[in-house]
Amino acid sequence: AQSVAQPEDQVNVAEGNPLTVKCTYSVSGNPYLFWYVQYPNRGLQFLLKYITGDNLVKGSYGFEAEFNKSQTSFHLKKPSALVSDSALYFCAVRDRGRDDKIIFGKGTRLHILP
Amino acid sequence: DAGITQSPRYKITETGRQVTLMCHQTWSHSYMFWYRQDLGHGLRLIYYSAAADITDKGEVPDGYVVSRSKTENFPLTLESATRSQTSVYFCASSESAGRRGADTQYFGPGTRLTVL
């Protein structure tokens with residue numbers, strides 16, 4: 001069965017510093033991988049996804065993520081954090097070709113300190 | 001362009017009552033999903049639907065019923081609400097989720113349900 005883990009409940013980063021939000025996954029086949037962001041009292045918003053091809057995926061708001069098959073990871077990154085990036089971030093995975101369901105991680109709360 | 005809407009946004013009910021949460025999307029997306037969001041559990045899939053009249057169970061379907069008579073609507077019913085069903089419920093839709101692609105899910109604003 002597919003699963004996804006976000007090992008950090010919370011990440012604190014100073015404004016202007018680079019940020020990383022970690023995600024690891026487990027699937028029996030090849031994965032589709034996603035990052036979503038949730039602002040307070042809102043639904044989730046899509047940030048980026050990996051389907052195939054280049055391991056570095058660029059998404060909205062300056063975010064990017066790197067697919068690493070050997071480490072089964074898909075960490076979210078941004079070179080310079082903004083206070084407005086403070087939100088709850090979810091990693092998600094779907095097992096390509098096997099199932100219609102996407103499984104979400106438990107979420108990582110990102111705090112950008114001014 | 002309304003996108004995907006949920007109603008009500010907030011609901012308080014009592015144990016044992018039946019509650020229906022509504023979800024409506026204007027994109028004619030094939031797939032629709034219901035999730036619940038709880039602290040410590042993140043987002044968990046309750047039910048999903050690949051098309052009208054096709055539904056399937058997710059991770060936590062017990063105590064919930066869904067139907068999809070029209071493509072644009074996907075109501076979620078709690079037949080006899082319990083306190084453990086207090087949660088924030090999100091509906092989502094996507095154009096497809098099959099083998100040809102991995103389409104983005106678009107989420108509604110959520111319904112905060114409290115069961116007393």
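Just so we're clear, the structure is a prediction, and the values are computed from it rather than from any experiment. (Residues numbered from 1 in each chain as written. Chains lettered and ligands numbered in written order. Predicted model: local features only at pLDDT ≥ 70, side-chain atom pairs only at ≥ 80, totals over all residues. Heavy atoms only, no water.)

(A) Focus on the interface of chain A and chain B. Between chain A and chain B, the residue contacts involve 23 residues of the former and 27 residues of the latter. Overall, the association of chain A and chain B removes approximately 1,900 Å² of surface from exposure, summing both partners, and the carbon and sulfur fraction of that is 51%. Taken together, the elements giving at least two residues each to the side of chain A that touches chain B come down to β5 (31-38), β6 (44-50), β10 (87-95) and β11 (103-104) of chain A. Residue contributions to the side of chain A that touches chain B peak at four residues, all from β5(A). Residue composition of the side of chain A that touches chain B, by class: eleven nonpolar, five polar and seven charged. (Contact = heavy atoms within 4.5 Å. Buried area = accessible area lost by both parts, 1.4 Å probe. Helix = DSSP H or I, 4+ residues; strand = E, 2+ residues; numbered from the N terminus. Nonpolar A, V, L, I, M, F, W, Y, C, P; charged D, E, K, R; others polar.)

(B) Inspection of the pairing of strand β3 (residues 19-25) of chain B at higher detail. Residues and elements named next belong to chain B. The two faces of β3 differ: V19, L21, C23 and Q25 on one face are buried, but T20, M22 and H24 on the other face are not. Sheet topology note: the β3/strand β8 (residues 76-78) ladder contains three bridges and is antiparallel. Considered in β8, the bridge of V19 is made with L78. (Buried < 20%, exposed > 50% of the residue type's maximum accessible area, 1.4 Å probe, protein only. Pairing = 2+ DSSP bridges.)

(C) Region of the structure containing the confidence of the model for chain A. Taken over all residues, the pLDDT of chain A has a mean of 92, while the share at 70 or more is 96%. Across chain A, the element-wise mean pLDDT spans from 89 in β11(A) up to 98 in strand β9 (residues 73-78) of chain A. (pLDDT = per-residue confidence, 0-100.)

(D) Focus on the state of the cysteines. In total, this model carries two disulfides over all chains according to the counting rule given. Through a disulfide, A:C23 is tied to A:C91; the S-S separation comes to 1.9 Å. Around the S-S axis, the bridge from A:C23 to A:C91 shows a dihedral of about -65 degrees and counts as left-handed. One end of the pair, A:C23, is in the loop between β3 (19-21) and β4 (24-26); the other, A:C91, is in strand β10, and 68 residues separate them in sequence. A residue is classified by how much of its surface remains accessible, and A:C91, at 0% relative accessible area, is buried. At a sulfur-sulfur separation of 1.8 Å, the disulfide partner of B:C23 is B:C91. (Disulfide = S-S within 2.5 Å.)

(E) Region of the structure containing the pattern of salt bridges. In the structure shown here, the tally under the stated rule is six salt bridges over all chains. As a salt-bridge pair, A:K77 and A:E66 come within 3.9 Å of each other at their nearest N and O atoms. Placement of the pair is A:K77 in strand β9 and A:E66 in strand β8 (residues 64-68), with a sequence separation of eleven residues. Taking the relative accessible area as the measure of exposure, A:K77 reaches 31% and is therefore partly exposed. Of the charged contacts, one joins B:R36 and B:D38 as a salt bridge, the two residues approaching to 2.8 Å between their closest N and O atoms. Under the relative-accessibility criterion, B:R36 is labelled buried at 8%. (Salt bridge = Lys/Arg side-chain N within 4 Å of Asp/Glu carboxyl O.)

(F) Representation of the sheet that holds strand β7 (residues 64-66) of chain B in the model. All names here are of chain B. The four strands are arranged β1-β3-β8-β7 in an open sheet whose pairing can be described as antiparallel. Edge positions in the sheet fall to β1 (4-7) and β7, since each has one partner strand and no second. Each strand of the sheet is rotated relative to its neighbour by a mean of 20 degrees, with strand direction disregarded. Pairing geometry for β7 and β8, over three bridges, is antiparallel. Looking at the pairing, V65 lines up with T77 of β8. (Axes fitted to C-alpha atoms, helices over the stretch in contact; angles between N-to-C directions.)

(G) Structural detail: unusual backbone geometry. In this model, B:S7 is joined to B:P8 through a cis peptide bond whose omega is -10 degrees. The residue B:P8 is located in the loop between β1 and β2 (10-13) in this model. Even without a glycine there, the phi angle at A:N41 is positive, about 60 degrees. Secondary-structure assignment places A:N41 in the loop between β5 and β6. Residue A:N41 is classed as exposed on the basis of its relative accessible area, which comes to 60%. Positive phi, normally seen in glycine, also occurs at B:D53, with a value near 70 degrees. With respect to the helices, strands and loops of the structure, B:D53 is situated in the loop between β5 (42-51) and β6 (54-57).

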